[in-house]
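# Residue-level structure breakdown
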Protein chains: 2
Amino acid sequence: MEINLSVTEENYIKAIYHLQQADGNVSTNEVAKELATKPASVTDMLKKLKQKKILNYEKYQGFRLSNDGRRIALGIVRKHRLWEYFLVEKLQFGWDEVHEVAEELEHISSKKLIDKLDAFLEYPKFDPHGDPIPDVNGKMAAQPQINLTDLPVNQLAAVSSVGIQSTELLELLKHKNIAIGTKLEVKKKFAFDNSLEIKIKGQNAFTISQQLAQALFVKMV
Amino acid sequence: MEINLSVTEENYIKAIYHLQQADGNVSTNEVAKELATKPASVTDMLKKLKQKKILNYEKYQGFRLSNDGRRIALGIVRKHRLWEYFLVEKLQFGWDEVHEVAEELEHISSKKLIDKLDAFLEYPKFDPHGDPIPDVNGKMAAQPQINLTDLPVNQLAAVSSVGIQSTELLELLKHKNIAIGTKLEVKKKFAFDNSLEIKIKGQNAFTISQQLAQALFVKMV
DNA sequence: AAATAATTTTAGACAAATCTAAAATTATTT
DNA sequence: AAATAATTTTAGATTTGTCTAAAATTATTT
Ligand SMILES: [Mn+2]
Ligand SMILES: [Mn+2]
Ligand SMILES: [Mn+2]
Ligand SMILES: [Mn+2]
């Protein structure tokens, strides 16, 4: 039951999970790119994870996580996001500084630790980037969120998450006075450069670039 | 400046630090025993740490940590003990459950993380076992503590730390109503079995075994 | 001072995770 | 349907950390 996984194996499992969530199917090359390694190394690991029944894999035929694999991946995601929440809410880290540290903390193996941390944090539902945190059973809040570029004009919505976690994005968001939870409407869409005119209650309307809009996800309210 | 150390290297450095603190000098065999590995593996690592200037080592002539080595060791001890404090004080772990988890957490590399954790915990001076926590500069509170077996009769003292961190010891201490901070006196020493008669204020005197007394350290008050 | 014992080191092997270069397979063009 | 391109896999090497067995050194007895 209790399989022991190396940090490397866990990183592969999580990367495959995220890629197949986004894409449906995953390729050797994509995994290599995501983990900054070589396709040959990925193939080696695919064989190993198949061996451990974490992956359904037939060579040249593609691969997907097994049920066990998905369960393991959700456990790692849970740890990653709970630690990020802890770092921001309790240790006063910035939003943009937590990912790398969480990348290490997610591999601490104690189940008891993570469940006690969850309780200490009072069972948060979303991490600081707006991504849902799986609970102890791997269930997480559905996120009926859409990209800001797809929000209909004059539809009030709240910023729910960001697609990128860079310091540069955070800097821009601070300057524009946008944070997770900020309520806004799109007033106009400009076809020339796909920029958007945005209105936040009590402020003057202003324009944001296509790049920025694509990095923001919102929930309609 | 920023040397990258593997978890394995860090565990060796910390083990050597503790052994040379206790003993003055350390042997290959002792390190092997401490880390549950073989002397041949230790020799391999000694060469590697000498290479990295963490260790002063000449074959067959023994070894000691260099200044750099001691600085690194203190950093690891700092992380270990701060995490133990966090686990007990914030996450409600028991005293006897934290060591293994801290053994993993001590290898999380972020300096910022540990300094922010220190601040969050309000700069604790001692870990849950009574061991001093090095500050950001590696300085820690002196511990003028002695073993309970060496405490003079009728000398009031406070329990300051334990030499062993087992669940079994904790169970016995709970039953005897002794915790870190408990004030007590030795009333009698029995030569036959080296048991001690102990008095805690407001309680009847009782006897503790040599084994228990050896596991307890006290500060005179 | 020899002999014996204990400790420490070397030699050689192995597993995990990685890489480069080449081969095999699948996909896309022409 | 060939040719070409892209992807994926294999073959063989390398690094890290480990091991066992044997050799070298140091310590202790006799
Ligand atoms: Mn993250
Ligand atoms: Mn990671
Ligand atoms: Mn400990
Ligand atoms: Mn450790």
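These notes cover the structure that comes with them. These figures come from a predicted structure and were not determined experimentally. (Residues numbered from 1 in each chain as written. Chains lettered and ligands numbered in written order. Predicted model: local features only at pLDDT ≥ 70, side-chain atom pairs only at ≥ 80, totals over all residues. Heavy atoms only, no water.)

## Observations regarding the sheet that holds strand β5 (residues 183–189) of chain B
Residues and elements named next belong to chain B. What the six strands build is an open sheet, ordered β3-β8-β4-β5-β6-β7; its pairing is antiparallel. The sheet is open, and its two borders are formed by β3 (146–147) and β7 (206–208), each paired with just one other strand. Across five bridges, strand β4 (residues 157–162) lies against strand β8 (residues 216–220) in antiparallel orientation. Bridged to S161 within β8 is F217. Lying over the sheet, helix α7 (residues 167–176) contacts β4, β7 and β8, oriented at roughly 165° with respect to β7. (Pairing = 2+ DSSP bridges. Helix = DSSP H or I, 4+ residues; strand = E, 2+ residues; numbered from the N terminus. Contact = heavy atoms within 4.5 Å. Axes fitted to C-alpha atoms, helices over the stretch in contact; angles between N-to-C directions.)

## Concerning the coordination of the manganese ion (ligand 2)
All names here are of chain A. Donor atoms from the polypeptide that bind the manganese ion (ligand 2) are N11 (OD1), E103 (O), E103 (OE), E106 (OE) and H107 (NE2), placed at 2.1 to 2.5 Å. Mapped onto the sequence, the residues coordinating the manganese ion (ligand 2) show the spacing N-x91-E-x2-E-H. E103 sits in the partly exposed class, given a relative accessible area of 25%. With relative accessibility at 12%, the residue H107 sits in the buried group. (Donors = N, O, S within 2.8 Å, 3.2 Å for Na, K, Ca; no water. Buried < 20%, exposed > 50% of the residue type's maximum accessible area, 1.4 Å probe, protein only.)

## Things to note about the packing of aromatic side chains
Taken as a whole and judged by the stated rule, the model has nine aromatic pairs over all chains. Ring plane angle 85° and centroid distance 6.2 Å describe the contact between F86(A) and F120(B), whose orientation is recorded as edge-to-face. Here F86(A) is found in helix α4 (residues 67–89), whereas its partner F120(B) is found in helix α6 (residues 111–120) on a different chain. There is no split in this pair, since F86(A) and F120(B) are both buried. Both rings, one in F120(A) and one in F120(B), keep their centres 6.5 Å apart while their planes meet at 65°; by these two values the pair is edge-to-face. On the criterion of chain membership, the pair formed by F120(A) in helix α6 (residues 111–120) and F120(B) in helix α6 is interchain, its members lying in two chains. By the ring-pair criterion, three or more aromatic residues cluster together here, those being W83(A), F86(A), F120(A), W83(B), F86(B) and F120(B). Just above the ring of F93(B) sits the side chain of K116(A); from NZ or CZ to the centre is 5.4 Å. (Phe/Tyr/Trp six-rings, centres within 6.5 Å; stacked < 30°, edge-to-face > 60°. Lys NZ or Arg CZ within 6 Å of the ring centre and 35° of its normal.)

Shape descriptors only; they carry no functional weight alone.
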